[in-house]
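Secondary and tertiary structure notes
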Amino acid sequence: MGKEEEAVQQLAPIASNKFPLSFWETTVASTVILGFGLGLAAVYLTLPDSDYSFLKLPRTLQDLQLLRDNLEIYTSDYTAQVLVGYCVVYVFMQTFMIPGTVFMSLLAGALFGVFKGVALVVFTATAGASSCYFLSKMIGRPLLTSLWPDKLKFFQTQVARRRKSLLNYMLFLRLTPTLPNTFINFASPIVDVPYHIFFLGTVIGLIPAAYVTVRAGLALGELQSIGDLYDFNSVATLFLIGVVSVTPTLMTKKES
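Okay, so let's go over this structure. (Residues numbered from 1 in each chain as written. Predicted model: local features only at pLDDT ≥ 70, side-chain atom pairs only at ≥ 80, totals over all residues. Heavy atoms only, no water.)

**Observations regarding the pattern of salt bridges**
Just so we agree on the cut-off: Whenever Lys or Arg places a side-chain nitrogen within 4 Å of a carboxyl oxygen from Asp or Glu, that contact is recorded as a salt bridge. Burial here depends on accessible area, computed with a 1.4 Å probe over protein chains only, as a share of the maximum for the residue type. Under 20% is buried, over 50% is exposed, and the range in between is partly exposed.
Enumeration over the complete set of coordinates arrives at 2 salt bridges. Its salt-bridge partner being Arg68, residue Asp69 comes within 2.7 Å of it at the nearest N-O pair. Given the relative accessible area of 14%, Arg68 is considered buried.

Structure (structure tokens):
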């Protein structure tokens with residue numbers, strides 16, 4: 001318990017400012033945003049002249065179907081541009097915790113099929129999570145301690161308890177809704193999760209859910225809501241994998 005209490009105490013100072021980032025931290029975040037913007041602009045400028053009013057982050061299945069229908073026209077002739085644009089957008093969304101990556105995963109299945117789609121989603125999701133991890137390492141502490149102090153202390157305590165089986169715990173978190181993936185990405189460097197553990201837990205842990213979502217993208221027109229993604233078999237499979245991954249963690253807890 002000594003180590004756990006010490007770990008929690010390290011998070012005690014909570015910023016009282018409404019905007020907790022310093023000038024330097026704000027500059028870093030702005031530079032990253034600018035870099036993503038330049039990447040997207042470069043992709044846009046290499047596409048043929050056309051009406052791209054359909055290009056926007058999808059917020060509904062209808063938006064996604066419209067985006068899919070239009071991008072299918074360009075995917076065969078401008079595969080590289082579509083891939084780069086997809087990757088930049090997905091990594092940007094993951095880096096800055098922008099909701100809606102589930103729609104991007106569905107789009108990968110609709111445009112590229114299951115095998116290529118899963119590989120693309122796992123790659124971009126891991127790259128985005130890693131980008132968020134390192135950005136948070138530079139500027140994340142004041143934001144997290146200001147916005148989610150209780151959740152951060154909970155995560156710190158759980159990580160401290162499971163140091164000997166941390167990879168299993170990270171796999172469990174990725175496979176279950178215990179904590180949001182976006183929070184895990186941003187909080188992991190603050191609670192001293194080593195990057196190699198974070199990376200392996202992300203790569204391996206995202207594969208099952210990525211497969212379920214990408215496969216659903218093949219029948220995008222049949223989906224009525226996001227809830228249709230997870231049928232009983234899919235949920236049961238993910239739950240079983242999550243239980244298996246956390247078993248060593250529970251055994252370690254009992255032994256201690």
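**Considerations on the nonpolar core**
We count it as follows: The set of buried Ala, Val, Leu, Ile, Met, Phe, Trp, Tyr and Cys residues whose side-chain atoms join them within 4.5 Å is what this entry labels a nonpolar core. A run of H or I in DSSP becomes a helix once it reaches four residues, and a run of E becomes a strand once it reaches two; helices and strands are each numbered from the N terminus. The contact rule is simple, with two residues in contact once any of their heavy atoms fall within 4.5 Å.
Leu61, Leu64, Tyr86, Leu106, Leu107, Val121 and Leu220 are the most contacted members of the largest nonpolar core, which totals 33 residues. Put simply, the parts of the chain that give this core at least two residues each are α3 (61-75), α4 (79-95), α5 (101-147) and α9 (195-217). Per-element accounting of this core gives the leading share, 13 residues, to α5. Leu220 has contacts with Leu61, Leu64, Gln65, Arg68, Leu106 and Ala110, leaving out every residue within four places of it along the chain. In this structure, Ala129, Leu144, Val159 and Ile184 belong to the second largest nonpolar core, which totals 22 residues.

**Observations concerning the side chain of Arg174**
Let me state the cut-off plainly: Positive charge is attributed to Lys and Arg, negative charge to Asp and Glu, and no charge count is given to His or to the chain ends. N or O atoms within 3.5 Å of each other form a polar contact, as long as, within protein, one can give a hydrogen and the other can take it, and as long as residues adjacent in sequence are counted only when both atoms are side-chain atoms.
Here Arg174 is to be found in helix α7 (residues 166-175). Here Arg174 occupies a buried position and makes no salt bridge, while the nearest side chain of opposite charge, Asp192, is found at 16 Å. Among the polar contacts listed, one links the side chain of Arg174 to the side chain of Asn181, at a separation of 2.9 Å. Side chain to side chain, Arg174 and Asn185 meet in a polar contact 2.7 Å long. In contact with Arg174, not counting residues within four places along its chain, are Ala129, Asn181, Ile184, Asn185, Phe198, Gly201, Thr202, Gly205 and Leu206.

**Here's the deal with α3**
Note the threshold: For a helix, the expected span equals 1.5 Å multiplied by the residue count minus one.
Helix length check: α3 (15 residues) gives 20 Å between terminal C-alpha atoms against 21 Å at 1.5 Å per residue, within 8%. For α3, the full list of buried residues reads Leu61, Leu64, Gln65, Leu67, Arg68, Asn70, Leu71, Tyr74 and Thr75. Tucked into the core, α3 has its buried residues touching α4 and α5.

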